[in-house]
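The residues making up each chain are set out below.
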Amino acid sequence: MSSRRAVRERLLGRRINTMAETMKIPVSITLNGSIVRADVEPRMLLVEFIREVAGQTGTHIGCDTSYCGACTVLVNGRPAKSCTLLAVQADGWSVNTVESLESGDTLNVLQQCFADKHALQCGFCTPGFLMAATGLLEQNPDPDDKAIRKGLGGNVCRCTGYLPIIEAVRSAAVVIKERRS
Amino acid sequence: MNAPFRRKEDNRLVRGRGRFVDDEGGRALHVRLVRSPYAHARIRSVDVSAAEASEGVICTLTGAEVATLTNRFMQIAPPPADQVIDYCMAPDRVRFQGEPVAAVVATSVALAVDAAEKVRVDYEPLPVVVDAVESLRNETLLHEQVGTNESWGSLFEWGEVDKAFADADTVVTIDRLKFHRFSSTPLETYGGVVTWEASGRIDMLCNLIQPGVAMKFMAPALSVSPEQLRVRTQDIGGGFGIKQNLYPYLMIAALCSRKAGHRPIKWIEDRREHLQGSAHGNERTFLDIKVALKADGEITAVSATHIDDCGAYPRYEPLGGVIWSQVAPASYRLRNLRINFRQAMTNKCPVGPNRGFSRMQNVWFLERVVDICAHEMGIAPDVMRQRNYIPEMPWTTPNGCVYDSGDYAAMLAMAKEMIGWDDWIAKRDAMRAEGRLVGIGIGTALDSGTNNFGQSTIVNPKSGLSGNSEAANVRVGVDGSLTVIVGSVPQGQSHETVAAQIVAKELGVPEDIVRVASGFDSERATHTSHSGTYASQFAVTSVGAIHGAVEKVRAELLTVAAMLLQKQRSELRTGVFGGVAGVGTADGGSHVSFADISNLINTKTAGLPAELEDITLNCRYVYRAPFQLPDPVRKYGNLTLTYAAQVHVGVIEIDPLTHNIHVLDYAAVDDCGRVMNHTIVKGQVIGAAAHGFGAALMENLRYDANGNLLTATFSDYCPITMLNMPNIRYGNRESPSPFTYNGAKGMGEGGGGPIFALSSALQDALAASGARLNQSHYSPSDLHAVMTGAPARGVAQVSATRQRPI
């Protein structure tokens, strides 16, 4: 059995009956401020809804076991791995992805700091890190390295060796604080 | 280089606007593979009828069909292993867990997954061999027609080994060392959108990283010309060499596309599939190690048997069987070597050229030899290295490789200073006095770059590959901008940024006007058979090609400008004139813009003078590395153009309760010749170090005796995260390479420094116990076994025999 199906079954708390799964359920999710309505199979993961139904491909899939965090989004303002949620669970919720961070063509502070500090190479993990870091800085505007490591410990980057990401988040926190004062 | 760091790639990537393969193929059909749960089994039957009747299913494909539709893959090995039968899908027998046996094509991923679960495969399990040493006893054969599990083997002997042993003051023997199996597991898995078009062209949008060579595997297997394959890439989410083994899966998708009526097929591997069935790094066991030493610690000879494990099918192997010899003596002046290299096939995932490919394993071996011998001789590990490091450059190794530049002793001194070596020695001793297990270790890593593919003739004299090359194209647009196309396949290595930097610098124009059209396209971009991004070579091959193309474009621009401005070419130069990129005189008094020149050649062509008719402003240059074929009998020749190096020094402590290893301090010094971009080089060094820490501390592709992969999800494999990544003090030295036009060397693989340094530090931490650790990876339970004296494989039997009184 595929591990994704195992995740779905765990979330649903029951074995998936394929016949039943072909029934579709209407959901309405506010994605990056716009309402997206669709009839989806109950087994559809939130990340699949974001990528395939809404066509927002900035949110990535890197594993099947909610280890890597490439799919991290903000769900009602809090970071969550969108592969651990079903689209039907998110009915009525507000979801924000990496595409919501920029204003027009202007990068936000975190995005700019990631670029400035070389906190990305291939960029595949970056959307997940940005959303996890957004959530971290909301909760803790002045994180020390330990808090950053803990806050982003659920995200995997295979290129940078993490140290530049820590630096980017630290430097974003400083810039945000300066702007507020 | 005081300008703020800016990368051309980043604007799209931080906005989530990269274009990765999974973002494409909107109207494609989806394929799901049925994979073997057994490591070794005969396939009695495959029943796809229920799957074919399932909702949304377009067609299925079985291994038996594949055997009728395709040819087996070519083998790099000479006889008898050239008889290995390897198809992109198993026809009648599976040889590793995760090997595909059937494919189901449906209108959605979910429906393909549902249907794939209805495929019934009847397996007859066969005996499994997972250990390479055991495999070479040939009690269980993977490929009967080969008659042996040895994919390749040969004796490598250089210098006067017997004499060196006879003259030795001390001989140290080590029974066994083991470099474990791991992978750099790029975060983006394998994927492709493949269409076998009705015209016969096969379009493969994918994340393959060495397309030129992969096309040579795929085309004969599909009975098409390589020119019929259109292989193209866009943004790639990391590769680290592992994505070279994608080609069997692209072939499956191609066959599915043809069977589905030439419709596009999308295949995205999931993480379990990736860990079980993509590619792993080479695992290597070192046996019967004998080391000849002088009384002062100089190592004069090493002899050993190296047994490499390439998994179930060789694929890119047995090239690793010679690639290690690019760094045969590692960073040491050792002249006499006898290595009996053998490579075994086992019931495990095939290996691929993972970051540090084959050289890292050999350097780890010699680093362990140096540390163990230092220990036996009572010489400090830093002193031992200083006595044995290569003393001068360029240095010709016993097998004819030429190390271009570098000063390893100076790098070690720098790393020691950065970490505060003397203070740490004192602190370590004080901590030990409190009963704490603290160790300091050194790793000297080599990252040889720009392969001479001619070394493949050492494996098989009939190899059709030699040398190395790369192509680049520079075009002047009608707006005066410059567009660069290069055959490299970046996966995060910042090629757009560096290519633009080179072009801008050479022509004296701003980087903003240089556009780099990144991504491989075998049909519409430029490439050679060696094209790709692997083996630390962009800085040499791609930059060499870009440099050549820029020189051609410059010459054309000057020719046109000289005519327009009525000047001699020698009076003119490229640069910025009146705020615009163009060509003009040194005083700027007379100039013409790139845009005006381009329009004359491309737009307003009526009446173009005859002397300009060969001007294209669209110039291609192929860089070819200056290589000769090596001597395959003596196994002698220059196998690589550049040798970047790193010295790592680390301090670790073993938690006495959990047996977790904590890094207390760490320094890494890199020398990759002239640095083109310091931030990018540092990024590669830290990133490669993370792979080393991960490999040493966490990441292990562990199989049970039945060939079940025990670490088949990220939650079991545990790639290193921010929680485990230590801080690193970073240092850089620049020893320009005499063999490249700008002194830069290929880099990025890093060479596995932390694996060496942590092995060394662990040995130091447990010095008092007398245990000589022999593995490249220790889980806390492995360490517990070693420290409690449980019978474990993690300890080497070492002896030192003094042959001469001192």
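Residues numbered from 1 in each chain as written. Chains lettered and ligands numbered in written order. Predicted model: local features only at pLDDT ≥ 70, side-chain atom pairs only at ≥ 80, totals over all residues. Heavy atoms only, no water.

Engineer: What exactly am I supposed to notice about the packing of helix α17 (residues 538-565) of chain B against helix α18 (residues 594-602) of chain B here?
Structural biologist: Residues and elements named next belong to chain B. Packing of α17 against α18 leaves a shortest axis separation of 10 Å and a crossing angle of 90°. On the basis of their axis angle, the class for α17 and α18 is roughly perpendicular. Counted together, L557, V560, A561 and L564 of α17 and F594, I597, L600 and I601 of α18 form the full contact between these two elements. Taken together, the residues of the contact of α17 with α18 break down into eight nonpolar, no polar and no charged. (Axes fitted to C-alpha atoms, helices over the stretch in contact; angles between N-to-C directions. Helix = DSSP H or I, 4+ residues; strand = E, 2+ residues; numbered from the N terminus. Parallel < 35°, antiparallel > 145°, perpendicular 65-115°, else oblique. Contact = heavy atoms within 4.5 Å. Nonpolar A, V, L, I, M, F, W, Y, C, P; charged D, E, K, R; others polar.)

Engineer: What exactly am I supposed to notice about the interface of chain B and chain A here?
Structural biologist: One widely used convention gives an interface's size as the accessible area the parts lose upon coming together. Facing 58 residues of chain B, the contacting portion of chain A comprises 57 residues. In total, about 4600 Å² of surface goes out of reach between chain B and chain A, with carbon and sulfur atoms giving 55% of it. Per-residue buried area on chain B facing chain A is highest for V14, L187 and M722 of chain B; these three make up 19% of the total on that side. In this structure, the connection of chain B to chain A is made through seven salt bridges. Linking R51 of chain A and D22 of chain B is a salt bridge whose minimum nitrogen-to-oxygen distance equals 3.2 Å. Viewed at the interface, chain A and chain B are joined by 25 residue pairs in polar contact (both at pLDDT 80 or more). Among the secondary structure elements, those contributing two or more residues to the side of chain B that touches chain A are α1 (10-14), α4 (109-116), α9 (271-277), α19 (678-697) and α20 (714-717) of chain B. The element that contributes the greatest number of residues to the side of chain B that touches chain A is α19 of chain B, accounting for eight residues. Per-class residue counts for the side of chain B that touches chain A are 24 nonpolar, 19 polar and 15 charged. (Buried area = accessible area lost by both parts, 1.4 Å probe. Salt bridge = Lys/Arg side-chain N within 4 Å of Asp/Glu carboxyl O. Polar contact = N/O pair within 3.5 Å; in protein donor to acceptor, adjacent residues only side chain to side chain.)

Engineer: How should the sheet that holds strand β3 (residues 72-75) of chain A be read in this particular structure?
Structural biologist: All names here are of chain A. Taken in spatial order, the five strands make up an open sheet running β2-β1-β5-β3-β4, and their pairing is mixed. On the outer flanks of this sheet lie β2 (34-40) and β4 (78-81), each paired with one strand and no other. On average, adjacent strands in this sheet sit at an angle of 40° to one another, irrespective of strand direction. With four bridges joining them, β3 and β4 adopt antiparallel strand pairing. Counted as the bridge partner of L74 is P79 from β4. (Pairing = 2+ DSSP bridges.)

Engineer: Would you mind going over the domain arrangement of chain B with me for this structure?
Structural biologist: All names here are of chain B. Assigned domains of chain B: these are domain 1 (21-126 + 189-236 + 242-277), domain 2 (151-183 + 279-454 + 630-802) and domain 3 (469-624). Its C-alpha centre places domain 2 at a distance of 42 Å from the equivalent point of domain 3. Contact residues are listed per partner, giving 21 residues for domain 2 and 19 residues for domain 3. Three residues, T450, M676 and Y741, lead the burial of domain 2 against domain 3; their summed loss comes to 41% of the area buried on that side. Here domain 2 and domain 3 share zero salt bridges between them. Where the side of domain 2 that touches domain 3 is concerned, the elements lending two or more residues are β18 (437-451), β26 (640-654) and α19. Considering each element in turn, the side of domain 2 that touches domain 3 owes the most residues, five residues, to β18. (Domains from an automatic or database assignment.)

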